[in-house]
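Commentary on secondary and tertiary structure
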Amino acid sequence: MRYQAPRGTADILPDEAARWQAVEAAFREACRRFGYGEIRTPIFEQTELFARSVGASTDIVQKEMYTFTDRGGRSLTLRPEGTAPVVRAVIEHKLYGTAELPLKLCYLGPMFRYERPQSGRQRQFHQFGVEAIGVEAPELDAEVIALGWTFLQEIGLKGVTLVLNSLGCPVCRPAYREALVAFLRPHREALCSDCRLRLEQNPLRVLDCKIDGPTPLVASAPRITDHLCDACRAHHAAVKAELDRLGIPYVEDPHLVRGLDYYTRTVFEFVAEGLGAQNTVLAGGRYNGLMAALGGPDLPGIGFALGAERLLLLLDEPAEGRFGAPAPDVYVVAFGAGAEKKLSLLMRLRAAGLSADADFAGRGLKAQLRSADRRGARYAVIVGDDEARAGRAAIKHLATGAQWTVAEEELAAFLAGRIASPNEKEAGDGNDAHVGNHAPNP
Ligand code: ATP
Ligand code: MG
């Protein structure tokens, strides 16, 4: 039996994980500056939560959820998205009453959807997202969009386009929905089988058909922006004016809809070149009815989620590092009587904040020195019979070959000092206090 990661999932190996850590850190840093606190919700939730919020007629709920029954007979679902769990937690912990509004929350983590795997589309994938709850003002829509924009700029993503639309509200959307159905119904036979169903259940989703793509039919369909009520039109205009003031470019797409039912008014996507059909990196919108629909107070909200795999595909720099492990600051080469000092030296170096590693395969001196090189270490610390007896360690700067000898107790501080120093002198000059020239004793 040969085991494999389940279809649609991927192992993130250490070289790749370093890239993940970099984009996660950049996202957290952007969120910090915009005032978002991190929230971590469970990986699974009651199935009802998603059925209620995402929408019973959506692809996610109809065919993409990983639902299971636990031993207690409860129906649970691996979270397919982050907004419903965050809103659930906000209601459960009454967070709206503990902080000034808007409540600003961000999250990072895995999501699960049973989809056809392809590049940029997995069954376990990762989203970075934000939710801002409790404020209706269009300035907040613009600020949330600006956060997504800022992050993508800072991470160095080129060629992204912000696409913007409004989906109206329960006042104006029903009339649009009727106009759309009236327009589409005579063309029913031209639609794919999914869209024929959508026509009855969720006609706006026909505009977002992943099978047919943007057809001439869809292009000539009625536009929701022609059907907005006064309040929604004013809101939409104010969001655009704010984006103009911020100098954030956008294109309007009156047929942009989102795959979840809870959106109202502003919806947006950041679309990238070079991802083929999976070209949306970041998507979001306003969800003014969701809190109330989930049993909370009737507070508005807005947020977005970004697909981390798609972002990393687009950034696509070569992975750093060798052999999957980060290059250590120090590689300890211990042999003979020095061997039993190996672990305690490593521990001292690490306690001083340095990354330190050593040979654990019982190899000889030469092989250990080769490892130090191959691993990309900056310094080798060499402890053989003589050094162990004298309570000293020899240090070699691997790039230049410069060497020092230092008392064991001072080793960590000496190396930490050199590595922290902005003008780290790479030549051993023998003039440092308590240091003398030394050639390691093979
Ligand atoms: P798509 O139209 O590509 O299926 P979606 O509308 O279902 O996306 P959202 O639910 O809005 O996507 O999720 C936000 C972002 O999460 C997407 O823009 C995308 O970058 C990412 N994403 C969604 N589904 C997947 C998946 N199966 N694999 C990888 N990333 C995904
Ligand atoms: Mg989808």
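Just so it is clear, the model here is predicted, and its values are computed rather than measured.

So, about the overall build of the protein chain. For the protein chain, the helix and strand inventory stands at 15 helices and 16 strands. Relative to the globule expectation of 22 Å for 442 residues, the C-alpha radius of gyration of the protein chain, 29 Å, shows a markedly less compact shape. If one aligns the C-alpha atoms of the protein chain with their principal axes, the spans along those axes are about 90 × 55 × 45 Å. For the protein chain, buried positions account for 51% of its 442 residues. For the protein chain, the distance from the average position of its 52 positive side-chain charges to the average position of its 56 negative side-chain charges is 4 Å.

The next point concerns helix α11 (residues 308-315). Among the 8 residues that make up α11, 6 are buried, leaving the element largely enclosed by the rest of the structure. Listed in full, the buried residues belonging to α11 are A308, E309, R310, L311, L312 and L315. Within two residues after α11, D316 carries a phi angle of roughly 40°, on the positive side.

The assigned domain composition of the protein chain is domain 1 (14-172 + 228-314) and domain 2 (330-436). Relative placement of domain 1 and domain 2: their C-alpha centres are 49 Å apart.

Further remarks concern the pattern of salt bridges. The final tally for this structure, using the stated rule, is 30 salt bridges. Where D70 meets R74, a salt bridge forms, and the shortest distance between an N and an O atom there is 3.0 Å. The salt bridge partner of D386 is R389, with a shortest N-O separation of 3.7 Å. In this pair, D386 and R389 both sit in helix α14 (residues 385-390), 3 residues apart, roughly one turn of the helix. The partly exposed category is assigned to D386, whose relative accessible area is 36%. A relative accessible area of 65% places R389 in the exposed class. Members of the salt-bridge network, linked through shared partners, are D59, K63, D194, R198, R205 and D208.

Strands sit in the order β2-β4-β3 across an open sheet of 3 strands; the sheet is antiparallel. One side of each edge strand has no neighbouring strand; the edge strands of this open sheet are β2 (44-46) and β3 (66-69). Neighbouring strand axes in the sheet, compared pairwise and without regard to direction, differ in orientation by 35° on average. Strand direction decides the pairing type here: β3 and strand β4 (residues 75-78), joined by 4 bridges, are antiparallel. Pairing of Y66 across the sheet is with L78, part of β4. Against the sheet, helix α2 (residues 47-54) makes contact with β2, β3 and β4, and its axis sits at roughly 80° relative to β2, the strand it touches most.

Basis of the calculations
Residues numbered from 1 in each chain as written. Chains lettered and ligands numbered in written order. Predicted model: local features only at pLDDT ≥ 70, side-chain atom pairs only at ≥ 80, totals over all residues. Heavy atoms only, no water. Helix = DSSP H or I, 4+ residues; strand = E, 2+ residues; numbered from the N terminus. Rg over C-alpha atoms; globule rule 2.2 N^0.38 Å. Buried < 20%, exposed > 50% of the residue type's maximum accessible area, 1.4 Å probe, protein only. Lys, Arg positive; Asp, Glu negative; His and termini not counted. Charge placed at Lys NZ, Arg CZ, Asp CG, Glu CD. Domains from an automatic or database assignment. Salt bridge = Lys/Arg side-chain N within 4 Å of Asp/Glu carboxyl O. Pairing = 2+ DSSP bridges. Axes fitted to C-alpha atoms, helices over the stretch in contact; angles between N-to-C directions. Contact = heavy atoms within 4.5 Å.

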